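Each chain, written out:
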Amino acid sequence: MSCERQLKGAKITGVGYYVPEKILTNADLEKIVDTSDKWIVERSGIRERHISSDDQAASDLAYEASLKALEKSGVKAEELDQIIVGTATSDMLFPATACLLQNMLGAKKAAAYDLTAACSGFIFGVSIADSMISSGKAEKILVVGVELLSRITDYTDRATCVLFGDGAGAAVIESCSPQEGILSTFIKTDGEYTDLLYLPGGGSRNPLTEESIKKGEQYIHMKGSELFKYAVKAMVQAAREALGSVGLGPEDVDFLIPHQANIRIIQGVRKRLKLKKEQVVINIDRMGNTSTASIPIALGELEESNIIKKGNLVLLVAFGGGLTWGSILFRK
Ligand code: ACO
């Protein structure tokens, strides 16, 4: 599904991110499972990741990131019309983490809801915010991607535990003239491959029992090498769709911010789009895979770096469990 600009415009006016203080290095993991720094760096590009403390939940990380995004945009929490939180690790199954966040921020006016699109959650959220704003249903929306993957990671499974980290990123999206800001969005799903990345236990299909906990069904199950095959293809498609729908091509892009799942996936996408190394924002070495938080964290870091200039064309591209994938193209 692609959506071209029609009525009002929507633009990202403030980005904030938060990662927990505690760092888990590859050397730390070498002590827990049969792995090595060399394997992890070569196969994934990850050197360290941030891990939440026991008393932190999704709403806490989301709150810190949101405060920064609101400050950058100059928007007050009370002015928000909506809060959309993308997460697979909400504080509780319900209410939505967005409802908890609304209360923490004092964003009394905002309708608040979560969406689950795994690593593509932030992109799906921005796409919804863009549609809401361009159709005149809202003026100011806070979109958050937050994940505490450490809570659903099996630290005896070397195939997954070396990959994931915790963090949150947030963006304020506001209405603007149709020529500015977000130029196009693209979201896509293929439910045929849900078994490549999923959390089997704890839902209505398979509530947690002593038995299911013994089987490790409270943890992420991932077929990494099979996912890998879809990831590059899907992300390249998402990039081309967002660009093509407004008559642009990869040669017009100044910065690509891909979901940070694996350095080899990122390089594969970069090469197929024929982008230079310096055009691609990479922080997987320091963050690991933070799922839906990875793109807004990387965007926040890019904004802080002052490399990005007004008028630059930025392409955000995600891929995740579901399978879900998508992209956002915007003019800074
Ligand atoms: N340390 C050492 N050896 C390991 C480790 C480890 N941490 N993990 C696996 N191995 C071994 C395997 O056991 C296997 O050994 P074998 O050949 O003796 O059987 C060997 O390394 C190769 O394993 P593969 O799984 O084939 O390794 P691969 O090169 O595919 O890398 C990885 C694995 C990093 C998971 C990669 O497949 C990947 O990144 N996949 C994509 C993940 C992704 O895109 N996820 C979706 C987004 S994330 C989200 O939605 C939350």
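Rules behind the numbers
- Residues numbered from 1 in each chain as written.
- Predicted model: local features only at pLDDT ≥ 70, side-chain atom pairs only at ≥ 80, totals over all residues.
- Heavy atoms only, no water.
- Helix = DSSP H or I, 4+ residues; strand = E, 2+ residues; numbered from the N terminus.
- Rg over C-alpha atoms; globule rule 2.2 N^0.38 Å.
- Buried < 20%, exposed > 50% of the residue type's maximum accessible area, 1.4 Å probe, protein only.
- Contact = heavy atoms within 4.5 Å.
- Areas by Shrake-Rupley, 256 points an atom, 1.4 Å probe, with all protein chains shown as cover.
- Pairing = 2+ DSSP bridges.
- Axes fitted to C-alpha atoms, helices over the stretch in contact; angles between N-to-C directions.
- Near = heavy atom within 4 Å.
- Polar contact = N/O pair within 3.5 Å; in protein donor to acceptor, adjacent residues only side chain to side chain.
- Domains from an automatic or database assignment.
- Phe/Tyr/Trp six-rings, centres within 6.5 Å; stacked < 30°, edge-to-face > 60°.

Here we take up the overall build of the protein. Tallying secondary structure elements over the protein gives 11 helices and 14 strands in all. What you see for the protein is a C-alpha radius of gyration of 19 Å, in line with the 20 Å of a compact globule of 332 residues. Along the first, second and third principal axes, the C-alpha atoms of the protein reach 55 × 45 × 35 Å. Relative to its 332 residues, the protein shows a buried fraction of 56%. Of the contacts made within the protein by residues no fewer than 6 positions apart, 76% connect residues no fewer than 24 positions apart. Of the accessible surface of the protein, which amounts to about 14,400 Å², a share of 52% is contributed by carbon and sulfur atoms.

What follows covers the sheet that holds strand β8 (residues 166-176). Across the sheet, five strands lie side by side as β2-β8-β7-β5-β6; this open sheet has mixed pairing. Every other strand in the sheet has two partners, leaving β2 (9-18) and β6 (111-115) as the edge strands with one partner each. Sheet twist, expressed as the mean angle between neighbouring strand axes with direction ignored, is 20 degrees. Relative to β8, β2 runs antiparallel, the two being bridged by nine bridges. Bridge pairing in β8 places G14 opposite V172. Sitting on the sheet, helix α5 (residues 121-134) touches β2, β5 (82-86), β6, β7 (140-148) and β8, and the angle it makes with β7 is about 170 degrees.

What follows concerns the site of the ligand. Near the ligand you find 24 residues, and of these T35, R43, C119, R158 and N262 are the closest. Between an oxygen atom of the ligand and a side-chain N or O atom of N262, the distance comes to 2.7 Å. Compared with its free state, where it exposes 1,000 Å², the ligand has 73% of that area covered by protein. Elements represented by at least two residues in the shell around the ligand include exactly α2 (37-44), α6 (158-161), α8 (224-244), α9 (263-272) and β13 (313-320). Looking at which element gives the most residues to the shell around the ligand, the answer is α8, with four residues. Formed jointly, the shell around the ligand draws a minimum of three residues from each of two domains, domain 1 (9-181) and domain 2 (183-331).

Attention shifts here to the packing of aromatic side chains. Throughout the structure, instances matching the rule amount to one aromatic pair. The interplanar angle of 40 degrees and the centroid separation of 4.6 Å between the aromatic rings of Y193 and Y230 together place this pair among those described as tilted. Residue Y193 is found in the loop between β9 (181-189) and β10 (197-198), and its partner Y230 is found in helix α8; the two are separated by 37 residues along the sequence. Y230 gets classed as partly exposed once you look at its relative accessible area, which sits at 31%.

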